[in-house]
Amino acid sequence: MKNQENKKESRRNFVKGTALLSTGLLLPTMKIEAMANVFNEKKLKLALVGCGGRGTGAANQALEADDNIELVAMADAFEDRLNSSLGSLSEKYEGTGKVNVKDRNKFYGFDAYKKAIDMADVVILATPPGFRPYHFAYAVESGKHVFMEKPVATDAPGIRKVLETAKLAETKKLNVVVGLQRRYQENYLNTLARIKAGDIGKIVSGQVYWNSAGVWVRPREASQSELEYQMRNWYYFNWLCGDHILEQHIHNIDVANWFIGEYPVSAQGMGGRLVRNGKDHGEIFDHHFVEFTYPSGAVVASQCRHQPNTMNRVGEVFQGTKGSVSTNDAGTAKLFDLSGNEIQTISNSEGHNPYQEEHNRLFASIRNKGVINNAEYGAKSSMSAILGRMATYSGKVINWDDAINSEIRLVPEEMTWNSEPPTQPNAEGKYPVPIPGKTIVV
């Protein structure tokens, strides 16, 4: 009962309190509760593709977002991961009828996503991002509404596929929400409204950060094939993850694109591996620094780092011709004048959860026969982060047009458990690491 009350209050706050300029997500003036009654006789069937922690969390948020929804199918490469996710969701929603995944509707392997998607009205795509373009294309071609996690691809061919599919989704009037949740977060939305009102003038520069200690490592097991090892440790392999500048730092780069209202035309930078450089760390860097240049002339400095015992910082700062602004996902934002005096603090309302809002908005739009389509900006912000990776891996200035038209494909179009992964270790068990000045990226 408490969850239902929180959900409804969160929906009310979102509708009445947030300026949604430039998001393309403006809803009619009726309350979301009324919108959800437009044609709520239909029980929406939900499928989860990718049953790790983020997929399980997204499924939970979807089940909280709508009263007449049922999880009917799940798909994952690994049976143990699917069963763990299903056990967690079944325990939470026991007795509600919201989780009804029969054994015959549990699918495993590389083609499992098709079987799960076929059974649903709405699908959650939360596998490692290398597979996202293919899963998204199948879902849209099958006429399904989609929530997909960021990033939406790990290479330029994948980005182009997502952009093509985004147009098809628009034609079919399908809803697509991408998990860049800051675009659904009150302090960011209200800050954007102040920027558009001219409070800090034109943005001319910025700094965006995701500096942290890093993420999990899963040790190799003797029984694993090379493909299974890489799939279990997907974060450390570019064909699956795209490096942490893409998988994680995309959030902050997306905020820069969103606030400036443009996508970068070029990038240059540097990076490498100093701390996280063992056999268990695959091929990705542990630090990146990139300068993104935008069509307006704005330059944004981007930092991301995975090194323990160093400065942690996740957030954004932008300088305008009349002042500056700082934002973070902890729920606050601050505006300053040119002398550095604080002129406004913007906070989230109590109980506001942008992860939940993504799903509230998605299901409200489905119920009202509306259309939300985040796929284009999801793809272009993913490409912005890929552009940054190309710059640090190569050590060169990389232009947007060259990057997005690159034919270098990291992800094979078809895979089975008999496939060889595209990255292979040497005789010492180490993986090839990009070398600035030598690595070709376009």
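Residues numbered from 1 in each chain as written. Predicted model: local features only at pLDDT ≥ 70, side-chain atom pairs only at ≥ 80, totals over all residues. Heavy atoms only, no water.

Some remarks on the UniProt feature "domain: Gfo/Idh/MocA-like oxidoreductase N-terminal" (unreviewed entry) in the protein chain
Put simply, the test is: UniProt positions are given in the numbering used here, feature names are shortened, and annotations may be inferred rather than shown by experiment. Only runs of H or I of at least four residues qualify as helices and only runs of E of at least two qualify as strands under DSSP, and these elements are numbered from the N terminus.
Under the feature "domain: Gfo/Idh/MocA-like oxidoreductase N-terminal" (unreviewed entry), the UniProt entry names residues 45-169. For residues 45-169, the end-to-end C-alpha separation is 19 Å, with 46% helix and 19% strand making up the annotated structure.

Focus on the side chain of T327
Worth spelling out the cut-off: Polar contact is defined as a pair of N or O atoms within 3.5 Å, subject to the rule that within protein one atom must be able to donate a hydrogen and the other to accept it, and that residues adjacent in sequence are counted only when both atoms are side-chain atoms. Working rule for contacts: check all heavy atoms of both residues, and any pair within 4.5 Å makes them a contact.
Its place among the elements puts T327 in strand 12 (residues 323-327). At 2.6 Å, the side chain of T327 forms a polar contact with the side chain of E316. Not counting residues up to four positions away in its chain, the partners in contact with T327 are Y188, T191, V255, F259, G315, E316, T332 and A333.

A look at the UniProt feature "domain: GFO/IDH/MocA-like oxidoreductase" (unreviewed entry) in the protein chain
With numbering matched to this structure, UniProt assigns "domain: GFO/IDH/MocA-like oxidoreductase" (unreviewed entry) to residues 193-325. Between the C-alpha atoms that bound residues 193-325 there is a distance of 12 Å. The span itself is 20% helix and 32% strand.

Points about the pattern of salt bridges
Here is the rule: The term salt bridge refers to a side-chain nitrogen of Lys or Arg lying within 4 Å of a carboxyl oxygen of Asp or Glu. Exposure categories follow from relative accessible area, calculated using a 1.4 Å probe and restricted to protein chains: below 20% of the type maximum is buried, above 50% is exposed, and the middle band is partly exposed.
Scanning the entire structure with this criterion turns up 18 salt bridges. Between D76 and R81 there is a salt bridge, with the nearest N and O atoms lying 3.0 Å from each other. Note on accessibility: D76 and R81 belong to one class, buried. Between E376 and K380 there is a salt bridge, with its nearest N and O atoms 2.9 Å apart.

Brief notes about the pairing of strand 13 (residues 332-337)
Using the following cut-off: Only strands joined by at least two bridges in the DSSP assignment are considered to pair.
Across 5 bridges, the pairing between strand 12 and strand 13 is antiparallel. Across the sheet, the residue bridging to G323 is D337, located in strand 13. The loop that links strand 12 with its antiparallel partner strand 13 comprises 4 residues; one of these, G331, has a positive phi angle of about 115 degrees. Bridge count for strand 13 against strand 14 (residues 342-347) is 5 bridges, and the pairing is antiparallel. Counted as the bridge partner of L335 is Q344 from strand 14. Joining the antiparallel neighbours strand 13 and strand 14 is a turn of 4 residues, in which G340 adopts a positive phi near 85 degrees.

What about the sheet that holds strand 4 (residues 122-125)?
The line we're drawing: Think of each axis as a best-fit line through the C-alpha atoms, taken over the contacting stretch in the case of a helix, with angles from 0 to 180 degrees between the N-to-C directions.
Taking strand neighbours across the sheet as the criterion, the 6 strands line up as 3-2-1-4-5-6 in an open arrangement whose pairing is parallel. At either end of the open sheet lies a strand with only one pairing partner, and these are strand 3 (106-108) and strand 6 (176-178). Within the sheet, the average angular offset between the axes of one strand and its neighbour, ignoring direction, is 15 degrees. Here strand 1 (residues 44-49) pairs with strand 2 (residues 69-76) via 6 bridges, running parallel. Residue pairing in the sheet places K45 in a bridge with E70 of strand 2. This element, helix 12 (residues 354-367), spans strand 1, strand 2, strand 4, strand 5 (145-148) and strand 6 of the sheet and lies at about 170 degrees to strand 5.

A few points about the sheet that holds strand 11 (residues 313-320)
Reading across the sheet, the 9 strands line up as 14-13-12-11-7-10-9-8-15 and stay open at both edges, with mixed pairing between neighbours. Where the open sheet ends on each side, the last strands, each with one partner, are strand 14 and strand 15 (398-399). Bridging between strand 7 (residues 203-212) and strand 10 (residues 299-306) involves 8 bridges; their strand directions are parallel. Considered in strand 10, the bridge of G206 is made with V300.

What to know about the domain arrangement of the protein chain
Keep this limit in mind: The split of the chain into domains comes from an automatic or database domain assignment. Put simply, Ala, Val, Leu, Ile, Met, Phe, Trp, Tyr, Cys and Pro go in the nonpolar bin, Asp, Glu, Lys and Arg in the charged bin, and everything else, Gly too, in the polar bin.
Considered domain by domain, the protein chain is made up of domain 1 (35-181) and domain 2 (183-351 + 374-405). Using only C-alpha atoms to locate each centre, domain 1 and domain 2 end up separated by 25 Å. Taken together, the contacts link 28 residues of domain 1 with 32 residues of domain 2. Linking D80 and R232 is a salt bridge whose minimum nitrogen-to-oxygen distance equals 3.0 Å. Secondary-structure elements contributing two or more residues to the side of domain 1 that touches domain 2 are helix 7 (156-171) and strand 6. Looking at the side of domain 1 that touches domain 2, its residues break down into 20 nonpolar, 4 polar and 4 charged.

Re the pairing of strand 8 (residues 266-272)
For strand 8, a buried count of 5 out of 7 residues is recorded, marking the element as mostly surrounded by other parts of the structure. With 7 bridges joining them, strand 8 and strand 9 (residues 287-293) adopt antiparallel strand pairing. Considered in strand 9, the bridge of G269 is made with V290.

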